[in-house]
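Chain by chain, the residues run as shown.
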Amino acid sequence: CSPANQERFADGKLATVQFHPSAQVVMTAGQDRSVSLFQVDGVRNPRIQSIYLESFPIYKACFSVDGEQVIATGTHHRMFFVYDMMSGSIIPIQKVRGVEERFLRSFELSPDGSFMLLTGTSGYLHLLSVKTKELISTMKVNGRCTASAFTPDSSKIYSYSKEGEVFIWDVRSRKCLHKFEDEGSLEGKCIAVSKNNQYVACGSASGVVNLYTTDVCLKENHPKPVKAIMNLVTSATCVTFNPTTEILAVASREMDEAVKLV
């Protein structure tokens, strides 16, 4: 296949590449402060449009679940942008009341499209309403939170701490239901829950990715992984399941071509 973004290569490092939830469109966003959308036909991949956010290098961009918006956070900003694709307007969210953070970078969107979870510093997690972009509640893990993932039904959140502990939250009550230690983890890096809610994958700084069944995670404090994936030699920075839960992709951004499909 020809490069998806061949009609407009980015000038800086790409931070995000994501397929649209329902259309044959791919988005790229990155440090050249732009978000570009391309129609994917595999031959020309024509560019639909690019938007430019002045002095706002993008840390992460994400399609909303309904596919009508793009939400983008910056590398050194406490504000974030919402790009409404229906109206073509760019809406700056200057400050979320109740969220006292110097930077807002990492976030996750719930699969049902209702919640946005912002990862703060010092272990704080801020749950926002996607509709109003207002704070619903704040939760806190011990230590620093490095990654979070919603379960497919959006009822729970798994939060992975730098110290290698995983906290399981109930979204409705915002109470911590359980916590467990990721076996052998010196520093937590990334986490994913499979689409059928059967597995949880935890990737750590050593490059090891542990695969657990969710029922064990909810019961035991020191669960045994079903499998420990040792193929990465540098820090595991991305884990993700395919939609049918048959393949797990593990990757490290610290080395070229460090992508494995399990």
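Note that the coordinates shown come from a computational prediction; the quantities given were computed from them, not determined experimentally.

**Student:** Got a minute to help me understand a nonpolar patch on the surface in this structure?
**Tutor:** On the surface, I247, V259 and L261 cluster together into a nonpolar patch covering about 290 Å² of accessible area. The exposure class assigned to L261 is exposed, which follows from its relative accessible area of 64%.

**Student:** What's the story with the nonpolar core in this structure? I'm lost.
**Tutor:** What tends to happen in soluble globular proteins is that the nonpolar side chains get buried as a cluster. The biggest cluster of nonpolar side chains holds 17 residues, and the ones touching the most others in it are M27, V35, L53, I58, A61 and V70. When sequence neighbours within four positions are dropped, the list of residues in contact with V70 reads M27, V35, A61, C62, F63, F81, V82, Y83 and M85. Grouped together as the second largest cluster of nonpolar side chains are 14 residues, I71, F107, L109 and L118 included.

**Student:** Teacher, can you tell me more about the UniProt feature "repeat: WD" (unreviewed entry) in the protein chain here?
**Tutor:** Feature annotation in UniProt assigns "repeat: WD" (unreviewed entry) to the following positions: residues 149-179. Helix makes up 0% of residues 149-179 and strand makes up 58%, while its end C-alpha atoms are separated by 14 Å.

**Student:** What should I look at first to understand the side chain of S194 in this one?
**Tutor:** Mapping S194 onto the fold places it in the loop between β17 (188-193) and β18 (199-204). Not counting residues up to four positions away in its chain, the partners in contact with S194 are P152, Y199, F241 and T245.

Conventions adopted
Residues numbered from 1 in each chain as written. Predicted model: local features only at pLDDT ≥ 70, side-chain atom pairs only at ≥ 80, totals over all residues. Heavy atoms only, no water. Patch = residues over 30% accessible without salt bridge, like charges linked within 9 Å, V, L, I, M, F, W, Y side chains within 5 Å. Areas by Shrake-Rupley, 256 points an atom, 1.4 Å probe, with all protein chains shown as cover. Salt bridge = Lys/Arg side-chain N within 4 Å of Asp/Glu carboxyl O. Buried < 20%, exposed > 50% of the residue type's maximum accessible area, 1.4 Å probe, protein only. Core = buried A, V, L, I, M, F, W, Y, C linked by side-chain atoms within 4.5 Å. Contact = heavy atoms within 4.5 Å. UniProt positions renumbered as here; feature names shortened; annotations may be inferred. Helix = DSSP H or I, 4+ residues; strand = E, 2+ residues; numbered from the N terminus.

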